[in-house]
Amino acid sequence: MTSMTPRLLSLAWRVSRFRFWIYTGGTYVVGYALGMDSWTAFFNPAYILFLLYFFLPANLLIYGVNDWWDQETDRFNPKKDVKEYRISEADGRDLLLLLGLAGAVSLALLAALDTVGKALLLSFLFLSYFYSAPPLRFKEVPVLDFSSNMLYVVPGILGYYIASGTLPPLALVIAGYLHVAAMHLFSAIPDISFDAAAGMTTTAVLLQERRSLLLCLVFWSGLAVLVIRLADFNPVSLLVLVYPAVPLALLLRESLSIDRVYWYLPYVNTGLGGLVFLLATLRTVAW
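Residues numbered from 1 in each chain as written. Predicted model: local features only at pLDDT ≥ 70, side-chain atom pairs only at ≥ 80, totals over all residues. Heavy atoms only, no water.

Colleague: Give a description of the overall build of the protein chain that names residues and reports values.
Modeller: Per the secondary structure count, the protein chain includes 14 helices and 0 strands. Counted from the first residue to the last, the protein chain has its helices and strands arranged as α-α-α-α-α-α-α-α-α-α-α-α-α-α. The C-alpha atoms of the protein chain give a radius of gyration of 19 Å, which matches the 19 Å a tight globule of 287 residues would have. Over its C-alpha atoms, taken along the principal directions, the protein chain stretches across nearly 55 × 55 × 30 Å. When the 287 residues of the protein chain are sorted by exposure, 49% land in the buried category. Sequence-distant contacts, at least 24 apart, represent 73% of the contacts inside the protein chain between residues at least 6 apart. (Helix = DSSP H or I, 4+ residues; strand = E, 2+ residues; numbered from the N terminus. Rg over C-alpha atoms; globule rule 2.2 N^0.38 Å. Buried < 20%, exposed > 50% of the residue type's maximum accessible area, 1.4 Å probe, protein only. Contact = heavy atoms within 4.5 Å.)

Colleague: For the nonpolar core, give the residues involved together with the corresponding values.
Modeller: Leu 121, Phe 124 and Phe 186 are the most contacted members of the largest nonpolar core, which totals 83 residues. Looking at this core, the element that brings in the most residues is helix 3 (residues 45–69), giving 11 residues. Among residues more than four places away in sequence, those in contact with Phe 124 are Thr 24, Tyr 53, Phe 54, Ala 58, Ile 62, Leu 151, Val 154 and Pro 155. (Core = buried A, V, L, I, M, F, W, Y, C linked by side-chain atoms within 4.5 Å.)

Colleague: Run through the side chain of Asn 59, naming residues and quoting values.
Modeller: You can see Asn 59 is positioned in helix 3. Looking at Asn 59, its side chain comes within polar contact range of the side chain of Thr 24, at 2.7 Å. Contact partners of Asn 59, with chain neighbours within four places excluded, come to Ser 16, Phe 20, Trp 21, Thr 24, Phe 54 and Gly 64. (Polar contact = N/O pair within 3.5 Å; in protein donor to acceptor, adjacent residues only side chain to side chain.)

Colleague: Help me get a handle on the side chain of Thr 281, residues and values and all.
Modeller: When you line up the elements, Thr 281 lands in helix 14 (residues 265–282). Judged by relative accessible area, Thr 281 falls into the buried class, the value being 13%. A polar side-chain atom of Thr 281 sits 2.8 Å from the main-chain carbonyl oxygen of Phe 277. Not counting chain neighbours up to four residues away, the residues in contact with Thr 281 comprise Ala 33, Met 36, Trp 39 and Phe 42.

Colleague: Quick rundown of unusual backbone geometry? Include the residues and the values.
Modeller: Look at the link from Pro 134 to Pro 135: it is a cis peptide, with omega at 10°. Relative to the helices and strands, Pro 135 is located in the loop between helix 6 (115–130) and helix 7 (144–147). Unusually for a residue other than glycine, Arg 137 sits at a positive phi of about 40°. When you line up the elements, Arg 137 lands in the loop between helix 6 and helix 7. Despite not being glycine, Gln 208 has its phi angle at roughly 70°, a positive value. Its location among the elements puts Gln 208 in helix 11 (residues 203–230). Gln 208 gets classed as partly exposed once you look at its relative accessible area, which sits at 39%.

By themselves these figures say nothing about function.
Printed below as a string of structure tokens:
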């Protein structure tokens, strides 16, 4: 077992896609910060427990399931060899072991939650698994593919609920949905030819590049309107306009490459998410 540990840890790191941990862990932290009434809430053991969960185990579950069920379709996509990790036949047994561990941790955490919290975590697990796994496999169904990306919003909703005991305002949830829907669709555009070759009819494959970019523009414009209004037109909130600016620039300048722009979005998400976290935390500090 001791000799297996480094191999399992290495595989867990590769499969869980470290640069995307922020999409679950960061969302949870921001949701928690928006719901808490004092910065001392960060010392709540429940916050720390789920903070750890939404970084590694949650991402291992999401992307491990994805890699397991996408082995056939991933053979057409060179991204797996450059930006991600392509699992091999030799990884199969270890990956199943890691998924079992991540699943066990997920189910054990249900004991730390009340009925509403359990429902939220179970919805996260449901979307995380069936986004990739049959028989539902949402990723191959137009509209459901980007809508099931709500799995990245659920950690924020759960964080808000743990901190406040109430669910977040509907406007915040809608804003989250618009953002993750646009992010999913935008990320699927570079994969259009590979997904089509694999026989997958995603929303991006159905709409093709320009119409997909137009829909991203609609989603991100809606996000911008909601955020600016929720922030009561605070000048800082105008930074959200960077999101609709991205598809707009790609539509107006065909020389721009979406393949290159896409890999900068995690930095934008991290920066703006960090700013929201900072502002949400500062509002609870007594000066």
